[in-house]
Amino acid sequence: MVLQLGSGSSERREGWVNMDVVSHPGVDVVGCLTDPLPFGSSSFDECWSHHVIEHLEITQVFELFLEVYRILIPGGRIGMILPDLLRSCEYIYKYHDNLNCSNVISHIYGDSSIPHMSHKWGWIGPDLVELLEKVGFINCNFIRCPSIGKSIDVYPEQHMYAIDVFGFKPGV
């Protein structure tokens, strides 16, 4: 069973539970990611998020990772794709004179005109790996997209300014 956090209006997939703060079509559970997750311990094989944790404060992300650790089975996997702050800044620095960088800038700040879409924190891969390891996850790593492959490849149109981060709850 896979839990998708911040699913938005995703298609229903067999074996998936979609959770979001807004009751979109396809959402199975409406709830806030800053609250304890409404699931029992060791309930899911995997937990996945696509452009979600940047919408939370850093302390909230730590608490969310603790909750994800709790609900994953031993050997369970956490995977996420989110904006790569470092790559976004590199792009803006390199091309700011020649291109419209508004799309890349939106990767940094989000969209404050839409509820729940402002970004509260910028992440780089090593910082997320360190945070996952602090919670207790093992074999954590990150890949700069579009080299997708370690997390669940749900969205083939991955952004070129994103990172794919993953880790595992120790097995039995």
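Values in this document were obtained by computation on a predicted structure and should not be read as measured data.

Here the focus is the nonpolar core. With 31 residues, the main nonpolar core has Leu 3, Leu 37 and Phe 65 as its most contacted residues. Put simply, the parts of the chain that give this core at least two residues each are β1 (2-5), β2 (16-20), β4 (44-50), α1 (58-71), β5 (72-83), α4 (125-135) and β7 (162-168). In terms of nonpolar packing, the next biggest core, distinct from the first, is built from 6 residues, Val 2, Trp 16, Ile 81 and Cys 145 among them.

Our focus in this paragraph is the packing of aromatic side chains. For any pair of aromatic rings, the description rests on two quantities: the centre-to-centre distance and the angle between the ring planes. Summed over the entire model, instances satisfying the criterion amount to 3 aromatic pairs. Seen from their ring centres, Phe 39 and Phe 44 are 5.0 Å apart, and the 85° between their planes marks the pair as edge-to-face. Of the residues examined, Phe 44 reaches a relative accessible area of 3% and is grouped as buried. Positioned above the aromatic ring of Trp 16 is the side chain of Arg 13, whose terminal nitrogen or guanidinium carbon lies 5.5 Å from the ring centre. Geometry around Tyr 69 places Lys 169 over its ring, the cationic atom sitting 5.0 Å from the centre.

The predicted model of the protein chain averages 85 in pLDDT, with 87% of residues at 70 or higher. Element-level pLDDT for the protein chain is lowest in helix α3 (residues 102-109), with a mean of 72, against a maximum mean of 97 in α1. In the predicted structure, residues 147-158 sits below a pLDDT of 50 and forms 31 contacts with residues beyond four places in sequence or in another chain.

Let us now look at the packing of α1 against α4. The geometry of α1 relative to α4 is characterised by a closest axis approach of 9 Å and an angle of 50° between their N-to-C directions. Compared by their axis directions, α1 and α4 come out oblique. As α1 packs across α4, the resulting crossing turns out to be right-handed. Side by side, α1 and α4 meet where Val 61, Phe 62, Phe 65, Leu 66 and Tyr 69 of the first sit next to Leu 128, Leu 131, Leu 132, Lys 134 and Val 135 of the second. Of the residues contributing to the contact of α1 with α4, the split by class is 9 nonpolar, no polar and 1 charged.

Here the focus is the sheet that holds strand β6 (residues 138-144). The 7 strands lie next to each other as β3-β2-β1-β4-β5-β7-β6, forming an open sheet whose pairing is mixed. Each edge of the open sheet carries a strand with a single partner, namely β3 (29-30) and β6. Sheet strands touched by α1: β1, β4 and β5. Its angle to β5, the strand with the most contacts, is close to 145°. Across the sheet, α4 lies against β5, β6 and β7, angled at about 165° from β6, the strand it touches most.

On to the pattern of salt bridges. Considering all chains together, one arrives at 3 salt bridges under this definition. Of the charged contacts, one joins Arg 77 and Glu 46 as a salt bridge, the two residues approaching to 2.7 Å between their closest N and O atoms. With Arg 77 in strand β5 and Glu 46 in strand β4, this pair connects stretches of sequence that are 31 residues apart. The partly exposed category is assigned to Arg 77, whose relative accessible area is 22%. As a salt-bridge pair, Arg 144 and Asp 84 come within 2.9 Å of each other at their nearest N and O atoms. One end of the pair, Arg 144, is in strand β6; the other, Asp 84, is in the loop between β5 and α2 (85-95), and 60 residues separate them in sequence.

What counts, and where the lines are drawn
Residues numbered from 1 in each chain as written. Predicted model: local features only at pLDDT ≥ 70, side-chain atom pairs only at ≥ 80, totals over all residues. Heavy atoms only, no water. Core = buried A, V, L, I, M, F, W, Y, C linked by side-chain atoms within 4.5 Å. Buried < 20%, exposed > 50% of the residue type's maximum accessible area, 1.4 Å probe, protein only. Helix = DSSP H or I, 4+ residues; strand = E, 2+ residues; numbered from the N terminus. Phe/Tyr/Trp six-rings, centres within 6.5 Å; stacked < 30°, edge-to-face > 60°. Lys NZ or Arg CZ within 6 Å of the ring centre and 35° of its normal. pLDDT = per-residue confidence, 0-100. Contact = heavy atoms within 4.5 Å. Axes fitted to C-alpha atoms, helices over the stretch in contact; angles between N-to-C directions. Parallel < 35°, antiparallel > 145°, perpendicular 65-115°, else oblique. Left-handed = near helix turned anticlockwise from the far one by under 90°. Nonpolar A, V, L, I, M, F, W, Y, C, P; charged D, E, K, R; others polar. Pairing = 2+ DSSP bridges. Salt bridge = Lys/Arg side-chain N within 4 Å of Asp/Glu carboxyl O.

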